[in-house]
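Structural overview for review
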Amino acid sequence: MIGRPAFLRLPVIFIVLGALLGSTWTGLVGAQPAADQPWENGLGMKFVPVAGTKALFSIWETRVRDFEAFVSATGYDATAGMLSKRDDGWRAHGDSWRSPAFPQTSLHPVCGVNWEDARAFCTWMTETERAAGRLGPNQVYRLPTDEEWSAAIGLPREQGATPKERNGKAGEVYWWGTAFPPPKGMGNFSDEAAKRGRHPDWNIVVGYDDGFEDSSPAGTFAATKLGLYDLTGNAWEWCEDFFDGKAGSRVMRGGAYSRLGAHHLEASFRLEVPAPRRRSDFGFRCVIGLEGRSP
Ligand SMILES: [Ca+2]
Ligand SMILES: [Ca+2]
């Protein structure tokens with residue numbers, strides 16, 4: 001068999017190399033989010049589809065490292081006036097998301113941000129990821145709507161025109177089912193560990209011990225069947241909507257690691273909170289809207 005001259009092999013090598021480089025390049029700059037596909041952004045935040053919505057949900061609450069990237073890039077100041085829990089209760093102690101009166105690593109949820117801070121993060125992410133070619137012109141980062149959040153936790157379609165009207169209507173239903181106290185490992189709630197530790201004054205889930213007095217690293221506990229972590233517990237999560245559908249306070253969902261109030265952990269519970277309020281158990285989860293609503 002007669003071999004081909006070396007100069008004839010070179011084009012073949014270039015074609016193969018070109019194809020390899022081309023596919024790598026596509027993977028780096030062309031991988032924009034798509035419906036029904038899991039996706040990872042430039043900060044390593046992971047997103048999954050949620051049936052019944054036109055959005056991808058972050059599997060984690062927004063982490064300290066994510067928010068830190070935003071603050072480093074923009075100089076945004078989210079430090080004033082946060083309420084934190086110390087021995088004299090919830091007050092403005094001069095703490096902030098950077099140091100909320102308990103230990104946090106970069107992988108914990110950012111704790112102590114208000115609705116406006118959360119929206120500012122989303123706006124920055126949209127601009128940054130569009131500039132990097134990772135987001136299409138009609139795709140945006142934003143907070144979930146109240147109805148999208150309900151879809152994420154698996155509630156069937158709810159009756160009621162506003163979050164206020166839908167509040168609590170599903171009763172004693174939790175993301176893990178109807179067992180209470182929850183089976184071990186379902187999330188970070190106000191628990192026996194909190195009571196033993198820094199928070200002897202808190203109402204807790206009696207008989208449940210998650211080992212964390214305050215926040216826990218995002219993704220420590222079991223995920224829902226869609227792959228969402230800490231949807232109940234750890235940090236409260238801001239939603240887009242007004243509580244009454246028109247004006248005033250916003251909606252938070254999912255309960256938290258903090259003092260347990262009646263019904264806080266139920267899937268259909270809504271907390272009514274003024275948008276400017278920063279408290280050390282307030283965080284958020286981003287979604288990527290695939291149909292171009294403004295953040
Ligand atoms: Ca706990
Ligand atoms: Ca949460």
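It should be emphasised that the depicted structure is a prediction, and the values quoted were computed from it without experimental measurement. (Residues numbered from 1 in each chain as written. Chains lettered and ligands numbered in written order. Predicted model: local features only at pLDDT ≥ 70, side-chain atom pairs only at ≥ 80, totals over all residues.)

1. So, the overall build of the chain
To be explicit about the condition: Each helix corresponds to a stretch of at least 4 residues labelled H or I by DSSP, and each strand to a stretch of at least 2 residues labelled E; elements are numbered beginning at the N terminus. The contact criterion used is a C-beta to C-beta distance within 7 Å, with each C-beta placed from the backbone.
Within the chain, the secondary structure is distributed over six helices and eleven strands. For the chain, long-range pairs separated by at least 24 residues make up 65% of all intrachain contacts whose partners lie at least 6 apart in sequence.

2. Comments concerning the environment of Thr126
Using the following cut-off: Counts of 20 or more other C-beta atoms within 10 Å of a residue's own C-beta define buried residues, counts of 12 or fewer define exposed ones, and intermediate counts define partly exposed ones; C-beta atoms are placed from the backbone.
Inspection of the secondary structure puts Thr126 in helix α3 (residues 115-131). For Thr126, a count of 20 C-beta atoms within 10 Å translates into the label buried. For the pair Thr126 and Gly136, spaced ten residues apart in the sequence, the C-alpha separation amounts to 9.4 Å.

3. Section: the confidence of the model for the chain
Applicable threshold: pLDDT: the predictor's confidence for each residue, scored from 0 to 100.
For the chain, the average pLDDT comes to 91, and 88% of its residues sit at 70 or higher. Predicted confidence for residues 10-29 stays below pLDDT 50, and this span has one contact to residues more than four positions away or in other chains.

4. A few points about the sheet that holds strand β1 (residues 39-40)
What counts here: By the convention used here, strands pair only if DSSP detects at least 2 bridges between them.
Spatially, β1-β2-β3-β11-β6 is the arrangement adopted by the five strands of the open sheet, whose pairing is antiparallel. Sheet topology places β1 and β6 (140-142) at the edges, where each strand pairs with a single neighbour. Where strand β3 (residues 55-58) lies against strand β11 (residues 287-289), three bridges are found, and the strand directions are antiparallel. Its bridge partner being in β11, Ala55 is matched across the sheet by Gly289.

5. A few points about the environment of Cys286
Within the secondary structure, Cys286 sits in the loop between β10 (282-283) and β11. Residue classification places Cys286 among the buried positions, given that 27 C-beta atoms sit within 10 Å. With 165 residues separating them in the primary sequence, Cys286 and Phe121 have C-alpha atoms 9.1 Å apart. Aside from chain neighbours lying at most four places away, what touches Cys286 is Ser58, Thr62, Cys122, Met125 and Tyr141.

6. Here we look at the sheet that holds strand β7 (residues 236-242)
The strand order across the open sheet built from four strands is β9-β8-β7-β10, with neighbouring strands paired in mixed fashion. The sheet is open, and its two borders are formed by β9 (270-273) and β10, each paired with just one other strand.

7. Structural notes on the nonpolar core
How we decide: Remark: nonpolar core denotes a set of buried Ala, Val, Leu, Ile, Met, Phe, Trp, Tyr and Cys residues whose joining runs through C-beta atoms within 7 Å.
Core analysis: the biggest nonpolar cluster contains 62 residues, and Phe57, Val113, Ala118 and Ala152 have the highest contact counts within it. Here this core gets five residues from one element, more than from any other, and that element is α3. When near neighbours in sequence (up to four residues on either side) are disregarded, Val113 contacts Phe67, Ala78, Trp97, Ala118, Arg278, Phe282, Gly283 and Phe284.

8. Quick notes on α3
Our working rule: Between the first and last residue of a helix there are one fewer steps than residues, each counted as 1.5 Å, and that sum is the expected span.
Counted at 1.5 Å a residue, the expected span for α3 with its 17 residues is 24 Å, and the 25 Å between its end C-alpha atoms agrees. Among all positions of α3, only Trp115, Asp117, Ala118, Phe121, Cys122, Met125, Thr126 and Glu129 are buried. Here the buried face of α3 lies against α2 (64-74), β6, β7 and β8 (250-253). In the stretch just after α3, Gly133 is the one whose phi turns positive, near 80°.

9. Side note on α2
Put simply, the rule reads: What the arc describes is the spread of directions from the helix axis to the C-beta atoms.
Looking at α2, one finds that the buried residues are Val64, Asp66, Phe67 and Phe70. Taken down its axis, α2 places every buried residue within 165° of arc, on the same side. Turned more than 90 degrees off the buried face of α2, the exposed positions are Ser72 and Ala73. Just beyond α2, the residue with positive phi is Gly75, at close to 75°.

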